[in-house]
Amino acid sequence: MITKENRLLDPASDGIGGAGTPPVITATRQDGDGDQPPIPALLPIMPVRGLVLFPGTTIPLHVQRPASLKLLDESLSQSKVIGFVTQTNDKDNPAPEDLYKVGTAATVLKLLRQQDGSAVIAVQALRRIAIRRVTQSQPYIRAEVEVLESLPPPHQDKEWDAAVKNLRETALQLLELTPDATDQARALVRSMEDPGRLADVLAANLNLEVPQKQYILEELDVVKRVRSVQLRVSSQLEIAQLQQKLQQDVASQFTDAQRRAYLREQIKAIQRELGEEPEGPDEQIEQLRKRLEESQAPKEIMDQAERELRRLRSIPPASPEFSVINNYLETLAELPWNKQSEDNLDLDQAQRVLDRDHYDLEKVKRRLIEYLAVRKLNPSGRGPILCFLGPPGVGKTSLGQSIADALGRKFSRMSLGGIRDEAEIRGHRRTYIGAMPGRIIQELRRVGTRNPVLMLDEIDKLGMDFRGDPASALLEVLDPRQNHTFVDRFLDVPFDLSQIIFIATANYMDPVPPALRDRMEVIEIPGYTEREKLEIARKYLVKRQLEENGLKPGQCQWEPAALTTVIEDYTREAGVRELERRIGAVCRAVAAKVARGECQAVTVTPEMVRELLGPARYVRETRLKTNNPGVVTGLAYTPVGGEVLFIEATRYPGKANITLTGQIGNVMRESAQAALSLVRTRAADLGIDPAAFADNDIHVHVPSGAVPKDGPSAGVAMFTAIASLFSNTPVRSDVAMTGEITLRGLVLPIGGLKEKTLAALRAGIENVIIPRLNEKDLFDLPEEVKQKLQFTLAENVDEVLAAALERDERVGHDGLPRESNFAESG
């Protein structure tokens, strides 16, 4: 329809433009024809292509043909009026027979010469003309013309007035639906009173083919012309209304996904304009196919991928399913189906790497060397599934990295602490939005090999809730007989995990389900002795902290006594994590002094350690100074290592009640009850008056009441404390003991022997009573412990009392106290 005024456009006499493209023109408002220039009977004729000029319109034309330019040069000096007639074809040099017989006489309002030799003219169409005789065809056409007069419409005819009004209203409705229609165009349609001129202006702006416009131009009957234009305006209005309705329907169903797809297409169009041609779906699919072939996946995997590729071709890129399948195929292509690291089978080199990074831990190192030896003899063997069990800070996690370095494999660590969803292990089904593979497949995708060292850190911290049990999901992963066909729910195809070396870590094995525990080879990594901590600090920790704090070895040197001070007075742990932090604190203080220029080098002494770290944070429990009846030194195993545990018993008149204090757990309470029952049954043998139990209450207290305590291993200590109390026989202060008791008087084995003996050594204990059934565990104790401690292996409580209670000079030839000793003191 009528659009913006005063715009130059391309339709021109030289053929620029095409049929059916409406020109952007303006109408000329005229009240009469008296001010129009006269139209000569002989006119120069300028052919135009793809354009029909209607009287009453103004239009710019771009003139390029030599004949048309010559016409302007020769004719405008004589008259501004030129005849414009539309061609019946697209010839570049039309003859008179290539033109319609009816055209329009127009006056040239303005002429602008262009640098390329062409010209732009602004013309105002005046009247219809008909070519009667051609008088000249070269260099341009000149012809005798006749001005055509329109047949006037009827006067005071209601039907005619309704037809004109209907045409005007229909045109205004069409203008409302035309995006670039101006207010001036609407005002022009409302104010134009001449029906014939209104029909001409509307016809000039309708989207019609050239023959249809030419038909309207040749129609001299105003009534028929108005009806013809009305028919075409109504048709265009109906099309515009349908388009608007479709746009509204589409907009109402335009989802966020479709909007994103539309914006992506716009981005692609911009990229094409910039010469950055985006990849189409076909290119993406071919690249995926190429990557899948390069991954050397097994045949069944490739068959599955091929099925998904065929589905991908049939899905529009804007569909959400397209991105899901594309993500799935990318995951398949990036998995290391046939990529693996070559093992370093040099056993001596592997041993050197392990010794370089970790002190001691001979059992772990020996197990890894054995695996390498088996791998060397049987390259197709499965990877081991190990579990490092020990307190925090003993190097379980860092040991995994050293193992990977020794084997020449990639290392990946997967923390299991707090995981409650079994989909974290098995993956999510692809039917869910945002589905992804499980953590194991993700780690393999990241490291890029199918045989890494994969550490399952904190396996004892796994949770369980309504989303499943991750520990149960690990059963397949950690089973050497099953994990070669592990199926992740996202992949839905088997993946071989048998070449992976799985290393789990745990602080306790109690929370680990028995079925999962059965699948792992548990290697205990107990706490370090003070001598071992000193060696670790000297060889590893000090060097690392000097490097992290920017100090050179010559700028900060540690005396062994300074390290010993840090170990004894500022740390209480089985590992060395807190020890490293304390060493780092001292190194930072030294770095500050060096940076200020206060000194060039510092030697760290015990006095300097106390100055920088403040008062000692921990006071070690030491052996009892005196021997008192009812007081026994026990041994306990805590998460940070072993500790000595004093058990105190006293009695006072009462009614045979027993009171237990010190935040004692249920198992420990039961041990105290069993110990009392066992003492009462052996009262005669111990020289105790049975009536003493009925006339007295007993109070058993375990100091450090803020610390929870539990377990059966304090049974022998409680039995000894009660027996010593009622027999009034002191317990030797240089003796510590551990063991579980039964009502028959047997001493049962306990755990954590290394940690407990280390605690006894730190406290200055010289003799340790342990169950005879723990004799096998003495092999694993450090040599320092075995040299400095004397062990008494007790099979029953009689042997415990014989070694723990003080004896007078009257002893038998077998070294055991006689019964009269207890009778006299009872």
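Parameters and conventions
- Residues numbered from 1 in each chain as written.
- Predicted model: local features only at pLDDT ≥ 70, side-chain atom pairs only at ≥ 80, totals over all residues.
- Heavy atoms only, no water.
- Salt bridge = Lys/Arg side-chain N within 4 Å of Asp/Glu carboxyl O.
- Helix = DSSP H or I, 4+ residues; strand = E, 2+ residues; numbered from the N terminus.
- Buried < 20%, exposed > 50% of the residue type's maximum accessible area, 1.4 Å probe, protein only.
- Phe/Tyr/Trp six-rings, centres within 6.5 Å; stacked < 30°, edge-to-face > 60°.
- Lys NZ or Arg CZ within 6 Å of the ring centre and 35° of its normal.
- Contact = heavy atoms within 4.5 Å.
- Pairing = 2+ DSSP bridges.

A. Region of interest: the pattern of salt bridges. In the structure shown here, the tally under the stated rule is 44 salt bridges. In this structure, arginine 445 and glutamate 334 form a salt bridge, with 2.5 Å as the shortest nitrogen-oxygen distance. Of this pair, arginine 445 sits in helix H15 (residues 439–447) while glutamate 334 sits in helix H10 (residues 320–334), placing them 111 residues apart in sequence. The exposure class of glutamate 334 is partly exposed, given its relative accessible area of 33%. Residues arginine 446 and glutamate 443 are paired through a salt bridge, measuring 2.9 Å at the closest nitrogen-oxygen approach. A residue pair is termed a helical-turn pair when its members lie 3 or 4 positions apart in one helix, as arginine 446 and glutamate 443 do in helix H15 at three residues.

B. Geometry of the packing of aromatic side chains. Taken as a whole and judged by the stated rule, the model has three aromatic pairs. Ring geometry for tyrosine 328 versus phenylalanine 490: centroids 5.9 Å apart, planes at 65°, classification edge-to-face. Separated by 162 residues along the polypeptide, tyrosine 328 in helix H10 and phenylalanine 490 in the loop between strand S11 (486–487) and strand S12 (494–495) bring together distant segments of the chain. With respect to burial, tyrosine 328 and phenylalanine 490 carry one shared label: buried. Residue placement shows arginine 430 over the ring face of tyrosine 328; its charged tip is 3.7 Å from the ring centre.

C. Region of the structure containing the environment of asparagine 338. Considering the arrangement of structural elements, one finds asparagine 338 in the loop between H10 and helix H11 (347–357). In this structure, the C-alpha to C-alpha distance between asparagine 338 and asparagine 451, residues 113 residues apart in sequence, is 9.9 Å. Once you skip the residues sitting within four places of it in the chain, asparagine 338 turns out to touch Ser295, Gln296 and Arg450.

D. Structural detail: the pairing of strand S13 (residues 501–506). Across the six residues that make up S13, a large majority, six, are buried. Residue alternation in S13 divides its side chains into two sets, Ile501, Ile503 and Thr505 and Phe502, Ala504 and Ala506, and both sets are buried. Of the strand pairs in this sheet, strand S8 (residues 385–389) and S13 are connected by five bridges, and their pairing is parallel. Residue cysteine 387 lies in a different strand from S13, and its bridge partner there is alanine 504.

Take it as geometry only, folks, not as evidence of what the structure does.
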